[in-house]
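Each chain, letter by letter, is given below.
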Amino acid sequence: MSKDNKVQQEQIQQLNESAEFQNNALREFIEEKTGSPKPEESVHEGTTRLSDDQNRLITQRNMRK
């Protein structure tokens, strides 16, 4: 049993190494084509969404049309 177990562990390790290599290759390819990922920047709350009052006014105006 220990030989079978050792063989199984080696196969799992090889599969993990292969998957890691493929992930790295894919990541490098994507970064090469699209550029490296940008760090997340803080979002200015004033420009992200309309205020609730503004949404309400727009909705009322649209309902009148």
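The numbering scheme is per chain: residues are counted from 1 as the chain's sequence reads. Side-chain atom pairs in this predicted model are given and counted only at pLDDT of 80 or more, local residue features only at pLDDT of at least 70, and totals for whole chains, interfaces and linings cover all residues. Excluding hydrogens and water, the side-chain figures rest on all heavy atoms present in the structure.

K.L.:
What should I look at first to understand the overall build of the chain in this one?
P.N.:
Each helix corresponds to a stretch of at least 4 residues labelled H or I by DSSP, and each strand to a stretch of at least 2 residues labelled E; elements are numbered beginning at the N terminus. The number of helices and strands found in the chain is 3 helices and 0 strands. Only the protein chains shown count as covering a residue, and every accessible area follows the Shrake-Rupley method with a 1.4 Å probe. Accessible surface computed for the chain: about 7,000 Å², of which carbon and sulfur atoms make up 50%.

K.L.:
I would appreciate a short explanation of a nonpolar patch on the surface in the present structure.
P.N.:
The patches reported here contain residues having more than 30% relative accessible area and no salt bridge. Joining distances are 9 Å for like charges and 5 Å for nonpolar side chains (Val, Leu, Ile, Met, Phe, Trp, Tyr). Salt bridge, as applied in this entry: a Lys or Arg side-chain nitrogen positioned within 4 Å of an Asp or Glu carboxyl oxygen. A grouping of Leu26, Phe29 and Ile30 is seen on the molecular surface, where their side chains present a nonpolar patch of about 300 Å² in accessible area. Tracing the backbone through its elements, the reader meets Leu26 in helix 1 (residues 2-34).

K.L.:
Help me understand the confidence of the model for the chain in this model?
P.N.:
Close reading of the predicted structure is inappropriate where its pLDDT is low. In the predicted model, the chain carries a mean pLDDT of 81, and the fraction of residues at 70 or more is 74%. pLDDT measures how confident the predictor is about each residue, on a scale from 0 to 100. Of all secondary-structure elements in the chain, the lowest mean pLDDT belongs to helix 2 (residues 45-48), at 64, while helix 1 reaches the highest, 89.

K.L.:
How do you make sense of helix 1 when you look at a structure like this?
P.N.:
Each α-helix turn comprises 3.6 residues. Residues three or four places apart therefore point the same way. In a helix, the anticipated span is given by 1.5 Å times the number of residues less one. In this model, helix 1 (33 residues) spans 47 Å end to end at C-alpha, consistent with the 48 Å of a helix rising 1.5 Å per residue. In the stretch just after helix 1, Gly35 is the one whose phi turns positive, near 95°.

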